[in-house]
Amino acid sequence: MSKREQSPAAAPAGGQWYPPEWPDRIRALTEGSLTPVAPKRAATVMLLRDTPEGPAVHMLRRRASMAFAGGAYAYPGGGVDPRDEDHRIGWAGPSRQEWADRLGTDAATAQAIVCGAVRETFEEAGVLLAGPADGTLIPDLTGDDWEADRLALVARELSFAEFLDRRGLVLRSDLLGAWARWITPEFEARRYDTWFFVAALPEGQRTRNASTEADRTVWIRPADAAAGYDKGELLMMPPTITTLRSLEPYGTAAAAVAAAAAQDLTPVLARAVMEGGEIVLSWPGHDEFTKRVRITGGPA
């Protein structure tokens, strides 16, 4: 273990989630003694609803006991299930190939990513962006049978493709817009290649805290959430606060979803380099997250 001065890693700058183990892992990466793990594909959804003061976004606070980003505010999301790649499911909206072109993947991978976004929203918020083939949505998801299916999805006893087939539903890809893509830094022990989507809360549906990973959920205006971050009151990871701020210009949920087509999906990946006696951590294009950690000694 190396000796170092007290760094921003021990306490958040603003409300940024910045774990104390980062400096040592960054140093190991720059010295070549840490081999990066391959990132897992993931999807997350910024679910919006209109209020008199403008759109609000649904956020959950991860339990402090969680190994990854404990105590941080985030959106419903999680890992992509590879079982959703090859199964042909009912699909409405832009084609799989159109999604592949948008996400920079092949069609099977695009289907799995979009399925992941819709599944995680159902698992963690109780909201389903799927419906019958007639183009309608399901306003009431409160029955015991729906909850049994949701729990089976959480337990991975049921794939999302199988769930749609069982229910005779089509995935409403037209309700989603791809917004951003962030890849967990190479020095992290848990890494994700995450696509961020935006969607409006379907009429008649309500969110609930259905996640075992969250201790609370809120509907909050992006500007208010960003202000809480700036005051150090709300902990967030760089992708979360960045996407929140990018939502602020839009006056309605529909306007934000419509704007998704123009969003840049170039992956954002943190860089860590040694400069003299400092480790410099930066996210290209996002200077506010740059951290400089001075190393004050050699190996103990």
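Further up the page is the structure itself.
It should be emphasised that the depicted structure is a prediction, and the values quoted were computed from it without experimental measurement.

**A short note on helix H4 (residues 144–154)**
Every α-helix carries 3.6 residues per turn, so stepping three or four residues along brings you back to the same face. Among all positions of H4, only Trp146, Asp149, Arg150, Ala152 and Leu153 are buried. Within H4, the buried residues cover an arc of 160 degrees as seen down the axis, which keeps them to one side. Turning to H4, the residues buried within the fold contact helix H3 (107–125) and helix H5 (160–167).

**Here's the deal with the sheet that holds strand S8 (residues 170–172)**
The sheet built from three strands is open, its strands ordered S6-S8-S7 with mixed pairing. Looking at strand neighbours, the two that pair on one side only are strand S6 (90–92) and strand S7 (130–131), the edges of this open sheet. Relative to S8, S7 runs antiparallel, the two being bridged by two bridges. Bridge pairing links Ala130 to Leu171 in S8.

**Regarding the nonpolar core**
Core analysis: the largest hydrophobic core is formed by 41 residues, its most contacted members being Leu103, Leu128, Phe163, Leu176 and Phe197. Elements represented by at least two residues in this core include exactly strand S2 (40–49), helix H2 (96–103), H3, H4, H5, strand S9 (176–183) and strand S10 (192–200). In terms of residue count, the dominant contributor to this core is H3 (nine residues). If near-sequence neighbours (up to four positions away) are discounted, Leu176 is found in contact with Val45, Trp99, Val114, Ala117, Val118, Leu129, Phe197, Val198 and Ala199.

**Observations regarding the pattern of salt bridges**
Scanning the entire structure with this criterion turns up 18 salt bridges. A salt bridge links Glu85 to Arg41; the shortest N-O distance between them is 2.5 Å. With a gap of 44 residues between them, Glu85 in the loop between strand S5 (77–79) and S6 and Arg41 in strand S2 connect regions that are remote in the sequence. Assessed through its relative accessible area of 25%, Arg41 is described here as partly exposed. Between Arg119 and Glu123 there is a salt bridge; the shortest N-O distance is 3.2 Å. Of the two residues, Arg119 and Glu123 are both situated in helix H3; the distance of four residues between them amounts to about one turn of the helix. Classification of Arg119 as buried rests on a relative accessible area of 0%. For Glu123, a relative accessible area of 6% translates into the label buried. It is possible to trace a salt-bridge network through shared partners that takes in Arg119, Glu120, Glu123 and Arg156.

**Quick word on the side chain of Ser173**
Topologically, Ser173 is positioned in the loop between S8 and S9. A polar atom in the side chain of Ser173 sits 3.4 Å from the side chain of Trp91. With near-sequence residues (within four places) excluded, Ser173 lies in contact with Trp91, Ala92, Gly93, Pro94, Trp99 and Val114.

**Quick notes on the packing of aromatic side chains**
Scanning the model with the defined rule gives seven aromatic pairs in all. Here Trp179 and Tyr250 contribute two aromatic rings whose centre-to-centre distance is 5.8 Å and whose plane-to-plane angle is 80 degrees, an arrangement assigned as edge-to-face. One end of the pair, Trp179, is in strand S9; the other, Tyr250, is in the loop between helix H7 (238–247) and helix H8 (253–259), and 71 residues separate them in sequence. Relative accessible area serves as the criterion here: at 2%, Trp179 is assigned to the buried category. With a centroid separation of 5.9 Å and an interplanar angle of 75 degrees, the aromatic rings of Trp283 and Phe289 are classed as edge-to-face. Its relative accessible area of 4% is what places Trp283 among the buried residues. Put simply, the rings of Phe122, Trp146, Phe160 and Phe163 touch in pairs and so form one group of aromatic residues. Its end group placed over the ring of Trp146, Arg167 keeps NZ or CZ at 3.7 Å from the ring centre.

Thresholds applied
- Residues numbered from 1 in each chain as written.
- Predicted model: local features only at pLDDT ≥ 70, side-chain atom pairs only at ≥ 80, totals over all residues.
- Heavy atoms only, no water.
- Buried < 20%, exposed > 50% of the residue type's maximum accessible area, 1.4 Å probe, protein only.
- Helix = DSSP H or I, 4+ residues; strand = E, 2+ residues; numbered from the N terminus.
- Arc of directions from axis to C-beta.
- Contact = heavy atoms within 4.5 Å.
- Pairing = 2+ DSSP bridges.
- Core = buried A, V, L, I, M, F, W, Y, C linked by side-chain atoms within 4.5 Å.
- Salt bridge = Lys/Arg side-chain N within 4 Å of Asp/Glu carboxyl O.
- Polar contact = N/O pair within 3.5 Å; in protein donor to acceptor, adjacent residues only side chain to side chain.
- Phe/Tyr/Trp six-rings, centres within 6.5 Å; stacked < 30°, edge-to-face > 60°.
- Lys NZ or Arg CZ within 6 Å of the ring centre and 35° of its normal.

These figures capture arrangement, not role.
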